[in-house]
Amino acid sequence: MEGGGSKQGPVTCGSWIRRPEKVNLLVLGRSRLGDSSPSVLEIFSFDPKTASVSPSPLTTYVIEQVDGDPVSIAVHPSGDDIVCSTTNGGCKLFELYGRESSTRLLAKELPPLQGVGQQKCMSFSVDGSKFATGGVDGHLRILEWPSVRVILDEPKAHKSVRDMDFSLDSEFLASTSTDGSARIWKTEDGLPLTTLTRNSDEKIELCRFSKDGTKPFLFCTVQKGDKAITAVWDISTWKKIGHKRLLRKPASVMSTSLDGKYLALGSKDGDICVVEVKKMEVSHWSKRLHLGACIAVLEFCPTERVVLTTSSEWGAVVTKLNVPADWKEWQIYLLLLGMFLASAVAFYGFFQHSDSFWNFPLGRNQPARPILGDTQSSDDLFGPLDM
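Cut-offs applied
- Residues numbered from 1 in each chain as written.
- Predicted model: local features only at pLDDT ≥ 70, side-chain atom pairs only at ≥ 80, totals over all residues.
- Heavy atoms only, no water.
- pLDDT = per-residue confidence, 0-100.
- Contact = heavy atoms within 4.5 Å.
- Pairing = 2+ DSSP bridges.
- Helix = DSSP H or I, 4+ residues; strand = E, 2+ residues; numbered from the N terminus.
- Salt bridge = Lys/Arg side-chain N within 4 Å of Asp/Glu carboxyl O.
- Buried < 20%, exposed > 50% of the residue type's maximum accessible area, 1.4 Å probe, protein only.
- Lys, Arg positive; Asp, Glu negative; His and termini not counted.
- Core = buried A, V, L, I, M, F, W, Y, C linked by side-chain atoms within 4.5 Å.

Colleague: Whenever I open this one, the confidence of the model for the protein confuses me. Can you help?
Modeller: Per-chain confidence: the protein averages 88 in pLDDT, with 84% of residues scoring 70 or above. Scored below 50 in pLDDT, residues 327-332 shows three contacts in the model against residues more than four places distant or in partner chains. Between residues 368-387, whose pLDDT stays under 50, and residues either more than four places distant or in other chains, the model counts 14 contacts.

The following block contains the structure:
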């Protein structure tokens, strides 16, 4: 799918929408194209068998001219709520309702975030209980969801917020700044916890917490002169424990898969690489995916090994990853059945050749001795044995 053209404005933001029964939709934000087309939000269906997106949207919501163009989008883990930041109108809340064939977007007010300016990055916590926004003006906010009670309202959190991410347990929020600094916040009360240490010639740019539930790490892209690396911090001590050159060029966006197995990096000239977290090795390359264009959005599909990427020049692109296939549910059951049958065969072989109560091994010259029961006992079916 493409974002340019004479009838549609360029794609400025996008995200996956997870729906019940492993159905996934796409939401894209398009900016105004002169007087020929307004700013819009569009919802598309996705076919996992062909890894393709429907050519026409299921529904379209026209953004009022006074609000400007969409800047960023965040989707609640339930898939029911969508928050969109615009250039002039702050943040707007949209409720998604109806089945796929009759999907609709219903706009609602979001009082704490009206007229707050451009929010460059927004994110829901993994459990959906919190929502954070980071403004171009450096203003950082954490809200309780869905009550929208303000937990943190810090106007001077950063010079300008660059990136942010919630930890898997929703306990921490990491945020980075355009000046190269990175801070950690406690989401329960909004208090600052620590600032990540860095050398004077280093700039921390992007951040993502590990999501596999076993390794409590924070991944950050670090620019050191003309060298780009991915560094790892231990979140129990907030100390850097290592780094590796993965993308080997400046990154514009970073993402983790929902199950935490993969980490993806998008470059400022259109490349993406996907890294297997367990080995910290590149498993997939897509070079010149958005030729010469900065990748603005890079997001894993919730249920498939597919990623969504967007750029203002090339629009939205859906890419199937060249990584090992995941086990399907029926394959797991088949494996368990095979293990059960193998265990049954092994047990039968062991039973046939063992000195069991029911199968006494006898020598060639030893007659079988009968099992004698005690006719006076009725509590034990077999009674005492006379060996």
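Colleague: I keep staring at the pairing of strand 21 (residues 239-244) and nothing clicks. Help me out?
Modeller: Residues in a regular strand project their side chains so that they alternate between the two faces of the sheet. For strand 20 (residues 227-234) and strand 21, the ladder comprises five bridges, and the chain directions are antiparallel. By the bridge assignment for strand 21, valine 232 is matched with glycine 242. Count of turn residues in the strand 20/strand 21 antiparallel hairpin: four residues, of which tryptophan 238 carries a positive phi of about 60°.

Colleague: Is there a simple way to think about the pattern of salt bridges in this case?
Modeller: Any two side chains of opposite charge can pair, so long as their charged atoms come close to each other. Evaluation of the coordinates by the stated rule reveals twelve salt bridges. Here aspartate 67 and lysine 92 are joined by a salt bridge, their closest N and O atoms 3.4 Å apart. Of the two residues, aspartate 67 is situated in the loop between strand 5 (59-62) and strand 6 (70-75) and lysine 92 in strand 8 (residues 90-97); the sequence distance between them amounts to 25 residues. Of the residues examined, lysine 92 reaches a relative accessible area of 23% and is grouped as partly exposed. Overlapping salt bridges, with partners in common, bring together Lys249, Asp269 and Asp271 in one network.

Colleague: When you look at the side chain of arginine 162 in this model, what are you seeing that I'm missing?
Modeller: By the secondary structure assignment, arginine 162 is in strand 14 (residues 161-166). One buried charged side chain, arginine 162, makes no salt bridge at all; its nearest oppositely charged neighbour is glutamate 205, positioned 4.5 Å away. Apart from residues lying up to four places away in sequence, arginine 162 is in contact with Lys120, Cys121, Thr176, Ser177, Thr178, Glu205, Leu206, Ala251 and Ser252.

Colleague: Explain the nonpolar core here, please?
Modeller: Within soluble globular proteins, side chains that are nonpolar tend to cluster in buried spots. Core analysis: the biggest nonpolar cluster contains 16 residues, and Leu196, Leu218, Trp233 and Trp238 have the highest contact counts within it. Setting aside anything within four residues of it in sequence, one finds leucine 196 in contact with Ala182, Ile184, Ile204, Leu218, Cys220, Trp233 and Trp238.

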